[in-house]
Amino acid sequence: MSDFRIFAIAGSALTAQSARLNAVASNLANADSVAGADGRPYRAKQVVFQAMPVEGGGLGVRVTQVVESAAPLRMQYDPANPAADEKGYVALPNVNVVEEMVNMISASRAYQTNAEVMNTARALMSKTLTIGQ
Amino acid sequence: MIDRLEQDLSFFRHALGVRGYRQELLASNIANADTPHYKARDLDFKAALGAALGTMPTVPPVRLARTQPGHLGGNGAPPFAGAMRYRAEYQGAVDGNTVNMDVERAAFAENALQIEALISFVNHRFRSMQAALQGQ
């Protein structure tokens with residue numbers, strides 16, 4: 001508990017989980033986009049977590065990369081759409097809304113738990129400061 | 001006089017140190033609940049306290065040999081490395097992660113309570129010493 005390492009650990013988890021929440025938010029927001037910023041159809045993004053050693057022991061967590069889902073794009077028959085190909089199909093993002101919702105709930109629960117860890121550590125530290133009083 | 005005080009309190013100091021480190025390890029497990037291939041760890045409390053008090057033989061810290069000036073020294077072994085254990089897997093996960101959130105949260109709450117108990121013991125020691133000093 002010394003050196004406030006526990007705050008570094010829980011804090012890194014908060015950052016990582018909020019990055020995951022960000023990815024979910026952008027996936028859900030673009031679930032029906034026809035084309036992304038680069039003109040190609042949007043692909044679902046997933047963050048990759050990795051354990052990160054904290055100075056003096058303990059392991060925090062960090063986001064090492066953001067990967068794009070390799071799942072096939074959703075092809076919808078809509079010949080009237082200007083973005084349709086020669087066969088009349090429009091390529092829609094490969095975002096799975098159900099998966100994203102599950103991911104979101106998991107990330108928010110993990111975020112809450114780590115916030116609780118921080119609160120407990122804070123309470124214990126202020127208790128430690130009152131030793132001998 | 002002061003050395004007696006130190007003797008009296010050193011047990012609590014070491015116990016708090018071990019408890020504090022265990023709290024850190026449990027926080028690491030909770031933080032890495034979604035990290036692929038992460039293996040949950042915990043302290044063998046008895047061994048760690050024994051190592052801290054010097055009543056139990058400890059594994060000497062493992063260091064990297066540096067035979068060239070360009071070699072990195074490494075961080076050395078974490079404290080209580082000899083008492084660190086991997087938690088037995090409860091339910092396998094596809095990504096190789098062995099953190100069981102319920103187990104970790106329960107252990108975290110229990111350890112927090114143990115720390116609070118230790119702090120009240122220390123406070124109690126202080127209060128009885130003060131009472132003795134006042135001689136009333």
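None of these values were measured; they are calculated from a predicted model.

Participant: How should I be thinking about the overall build of chain A in this particular structure?
Facilitator: A count of helices and strands for chain A gives two helices and four strands. When its helices and strands are written in sequence order, chain A yields α-β-β-β-β-α. The C-alpha atoms of chain A give a radius of gyration of 21 Å, which is well past the 14 Å a tight globule of 133 residues would have. For chain A, the residues scored as buried account for 34% of the 133 residues in total. Long-range pairs, those at least 24 residues apart, make up 57% of the contacts in chain A between residues at least 6 apart in sequence.

Participant: What is the right way to read the overall build of chain B from this model?
Facilitator: In terms of regular secondary structure, chain B is built from three helices and two strands. Starting at the N terminus and walking to the C terminus, you meet the elements of chain B as α-β-α-β-α. A compact globule built from 136 residues would reach a C-alpha radius of gyration of about 14 Å, whereas chain B, at 19 Å, exceeds it by more than 25%. When its C-alpha atoms are laid out on the principal axes, chain B stretches across 65 × 45 × 25 Å. Of all 136 residues assigned to chain B, the portion counted as buried reaches 35%.

Participant: When you look at unusual backbone geometry in this model, what are you seeing that I'm missing?
Facilitator: Note: most peptide bonds trans; most residues except glycine with negative phi. The backbone phi angle of His37 of chain B is positive, close to 65 degrees, even though this residue is not glycine. Note on placement: His37 of chain B falls in the loop between α1 (2-31) and β1 (41-43).

Participant: How do you make sense of the packing of helix α2 (residues 97-129) of chain A against helix α3 (residues 101-134) of chain B when you look at a structure like this?
Facilitator: Packed helices, taken two at a time, are described by their axes: the angle between them and the distance between them. Taken N-terminus to C-terminus, the directions of α2 of chain A and α3 of chain B make an angle of 10 degrees; their axes are 10 Å apart at the nearest point. Classified by the angle between their axes, α2 of chain A and α3 of chain B sit roughly parallel to one another. Residues Thr113, Glu116, Val117, Thr120, Leu124, Lys127 and Thr128 of chain A of α2 of chain A pack against Met101, Arg105, Phe108, Ala112, Ile115, Glu116 and Ile119 of chain B of α3 of chain B. Class assignment of the residues belonging to the contact of α2 of chain A with α3 of chain B gives a composition of seven nonpolar, three polar and four charged.

Participant: Can you walk me through the side chain of Gln17 of chain A in this structure?
Facilitator: Its place among the elements puts Gln17 of chain A in helix α1 (residues 5-29). On the basis of relative accessible area, Gln17 of chain A is assigned to the buried category, the value being 2%. For Gln17 of chain A, the side chain forms a polar contact with the side chain of Arg20 of chain A, separated by 3.0 Å. Looking at Gln17 of chain A, its side chain comes within polar contact range of the side chain of Asp34 of chain B, at 3.0 Å. In this structure Gln17 of chain A touches Phe49, Ala107, Ala110 and Tyr111 of chain A together with Asp34 of chain B, once residues within four positions along its chain are discounted.

Participant: How should I be thinking about the interface of chain A and chain B in this particular structure?
Facilitator: Many structure descriptions define interface size as the accessible area lost when the parts assemble. Residue-level contacts link 31 residues of chain A with 27 residues of chain B. Run the count over chain A and chain B and you get four salt bridges. Ionic pairing is found between Lys127 of chain A and Glu116 of chain B, a salt bridge with its closest N-O pair at 3.0 Å. The interface formed by chain A and chain B includes nine residue pairs in polar contact (both at pLDDT 80 or more). Residue assignment for the side of chain A that touches chain B shows that the elements contributing at least two residues are α1, β1 (45-53), β2 (59-68) and α2 of chain A. Counting residues per element, the side of chain A that touches chain B draws most heavily on α2 of chain A, at ten residues.

Participant: Just to check I follow, could you spell out the packing of α1 of chain A against α2 of chain A for this structure?
Facilitator: Residues and elements named next belong to chain A. Running from amino to carboxyl end, α1 crosses α2 at an angle of 160 degrees, the nearest separation of the two axes being 9 Å. On the basis of their axis angle, the class for α1 and α2 is roughly antiparallel. Judged by the sense of rotation from one axis to the other, the crossing of α1 with α2 is left-handed. Taken together, the residues of the contact of α1 with α2 break down into 19 nonpolar, seven polar and three charged.

Participant: How do you make sense of the pattern of salt bridges when you look at a structure like this?
Facilitator: Pairing of side chains with opposite charge becomes possible as their charged atoms draw close. Residues and elements named next belong to chain B. Across all of its chains, the model carries 13 salt bridges over all chains by this definition. The closest approach of N and O atoms between Arg87 and Asp42, which form a salt bridge, is 3.3 Å. In this pair, Arg87 sits in the loop between β2 (84-86) and α3 while Asp42 sits in strand β1, placing the two residues 45 residues apart along the sequence. The exposure class of Asp42 is buried, given its relative accessible area of 10%. Within this structure, Arg22, Asp42, Arg87, Glu104 and Glu110 form a network of salt bridges that share partners.

Participant: How do you make sense of the packing of aromatic side chains when you look at a structure like this?
Facilitator: The geometry of two aromatic rings is summed up by the distance between their centres and the angle between their planes. Residue and element names in this part refer to chain B. Applying the stated criterion to the full structure yields five aromatic pairs over all chains. With 5.6 Å between their ring centres and 55 degrees between their planes, Tyr21 and Phe80 make a pair best called tilted. With Tyr21 in helix α1 and Phe80 in the loop between α2 (45-53) and β2, the pair connects residues that are 59 residues apart, well separated along the chain. When its relative accessible area of 4% is taken as the criterion, Tyr21 is described as buried. On the basis of relative accessibility, which here comes to 22%, the residue Phe80 falls in the partly exposed class. These aromatic residues form a ring-pair network of at least three members: Phe11, Phe12 and Phe121.

Reading the values: rules and limits
- Positions within a chain are numbered from 1, following the residues in the order the chain's sequence is written.
- Labels follow written order: the first chain is A, the first ligand is 1, and so on.
- At least 70 in pLDDT is required for a residue's local features to be given in this predicted model, at least 80 for side-chain atom pairs to be given and counted, and no such filter applies to totals for whole chains, interfaces and linings, which use all residues.
- Side-chain descriptors were evaluated using all non-hydrogen atoms of the structure, hydrogens and water having been removed beforehand.
- Secondary structure follows DSSP: runs of H or I at least 4 residues long count as helices, runs of E at least 2 residues long count as strands, and numbering of each begins at the N terminus.
- For the radius of gyration, the atom set is restricted to C-alpha positions; the globular benchmark scales as 2.2 Å times the number of residues to the power 0.38.
- Throughout, exposure labels follow a simple rule: accessible area from a 1.4 Å probe, protein chains only, divided by the maximum for the residue type, with under 20% read as buried, over 50% as exposed, and the rest as partly exposed.
- Here, residues are in contact when the closest pair of their heavy atoms is within 4.5 Å.
- Interaxial angles span 0 to 180 degrees and are taken between N-to-C directions of axes, which are lines fitted to C-alpha atoms, for helices over the stretch in contact.
- Roughly parallel means an angle under 35 degrees; roughly antiparallel, over 145; roughly perpendicular, 65 to 115; everything else is oblique.
- Each residue is assigned to one of three groups, with Ala, Val, Leu, Ile, Met, Phe, Trp, Tyr, Cys and Pro labelled nonpolar, Asp, Glu, Lys and Arg labelled charged, and all others, Gly among them, labelled polar.
- Pairing of N or O atoms within 3.5 Å defines a polar contact, subject to two protein rules: one partner must be a possible hydrogen donor and the other a possible acceptor, and residues neighboring in sequence count only if both atoms are side-chain atoms.
- Definition used for salt bridges: Asp or Glu carboxyl oxygen within 4 Å of a side-chain nitrogen of Lys or Arg.
- Handedness of a crossing follows from how the near helix is turned relative to the far one, being left-handed for an anticlockwise turn of less than a right angle and right-handed for a clockwise one.
- Ring pairs shown here join Phe, Tyr and Trp side chains whose ring centres sit within 6.5 Å, with only the six-membered ring taken for Trp; geometry is labelled stacked below 30 degrees between planes, edge-to-face above 60, and tilted in between.

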